[in-house]
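# A structural walkthrough
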Amino acid sequence: MRRGPRVAPFLLRLSLHPHRNEMDEFKVFKTFKERGEWVELRFMAEALRHGYKVLKPWGDSSPFDVAIHFGTRIVRVQVKSTSCRVGTGYFCQFKPNYLGPPYTLKQLDFFAAYVIMQDAWYLIPAHILLGRERKQGLMLFPMQPLKKNRYRYESYREAWPLLTPRQPKRNK
């Protein structure tokens, strides 16, 4: 009889091959869905590490992957990831899938984008991507900047405090 905590098989494969390079490490995922589940777990662990209370909706029918709990309020987060290197950055898509309807501001509060090869999180408010100028993909540059003022979304890198909701203004 097996004792001790159970480990997901793909996580076990990652730890058994320390000689692999970074790119090989992520070839263990058979599908993007499997990789997405792994990234959601990474996000939940990192959010907990930052002191947030994490909620996970049951199943795949919610438009968000994770919620952060603040008493009577929740912040809905859609988790995305990229390993798609383009030039000096990484391209990340913010679409549900090619066939589904686009996300709306009524469904989400934040996107959490994980640049896998750089182990970097971007916490981007949904209104930045879903506002008047809708964006379905962004270039993220977690490496050393080559040119100033080119890196529009770098202020969202590791911006964990943004997830805390603002206190509503009280009428005097």
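In what follows, the structure referred to is the one given above.
Bear in mind that the values here come from a model prediction, so they are computed numbers and not experimental data.

Reading guide: rules and limits
Residues numbered from 1 in each chain as written. Predicted model: local features only at pLDDT ≥ 70, side-chain atom pairs only at ≥ 80, totals over all residues. Heavy atoms only, no water. Salt bridge = Lys/Arg side-chain N within 4 Å of Asp/Glu carboxyl O. Helix = DSSP H or I, 4+ residues; strand = E, 2+ residues; numbered from the N terminus. Buried < 20%, exposed > 50% of the residue type's maximum accessible area, 1.4 Å probe, protein only. Pairing = 2+ DSSP bridges. Polar contact = N/O pair within 3.5 Å; in protein donor to acceptor, adjacent residues only side chain to side chain. Contact = heavy atoms within 4.5 Å. Core = buried A, V, L, I, M, F, W, Y, C linked by side-chain atoms within 4.5 Å. Axes fitted to C-alpha atoms, helices over the stretch in contact; angles between N-to-C directions.

Another aspect to go through is the pattern of salt bridges. What the rule picks out here adds up to seven salt bridges. Asp119 is paired through a salt bridge with Arg42; the nearest N and O atoms lie 2.9 Å apart. On the criterion of sequence distance, the pair formed by Asp119 in the loop between strand S6 (110-115) and strand S7 (120-125) and Arg42 in helix H3 (residues 32-49) is long-range, its members being 77 residues apart. Salt-bridge contacts for Arg157 lead to Glu154; the nearest nitrogen and oxygen are separated by 2.9 Å.

Extensive coverage of strand S3 (residues 73-82) is indicated by the burial of eight of its 10 residues. Alignment of strand S2 (residues 66-70) against S3, held across five bridges, turns out to be antiparallel. For Ala67, the partnering residue across the bridge sits in S3 and is Arg76. In this sheet, S6 lies alongside S3 in parallel orientation, the contact comprising six bridges. Bridged to Val77 within S6 is Phe110.

Inspection of the secondary structure assignment puts Glu46 in helix H3. Here the side chain of Glu46 touches Arg49 through a polar contact of 2.7 Å, side chain to side chain. In contact with Glu46, not counting residues within four places along its chain, are Trp121 and Trp160.

In terms of nonpolar packing, the biggest core is built from 43 residues, with Phe43, Val77 and Trp121 touching the most fellow members. Per-element tally for this core: the top contributor is S6, with six residues. Setting aside chain neighbours within four positions, we find Val77 in contact with Phe43, Phe64, Asp65, Val66, Ile68, Phe110, Phe111, Ala112 and Leu163.

Taking strand neighbours across the sheet as the criterion, the five strands line up as S1-S2-S3-S6-S7 in an open arrangement whose pairing is mixed. Each edge of the open sheet carries a strand with a single partner, namely strand S1 (53-55) and S7. Direction aside, the axes of adjacent strands within the sheet are offset by 30° on average. The strands that H3 touches are S1, S2, S3, S6 and S7; relative to S3, the one it contacts most, it runs at about 130°.

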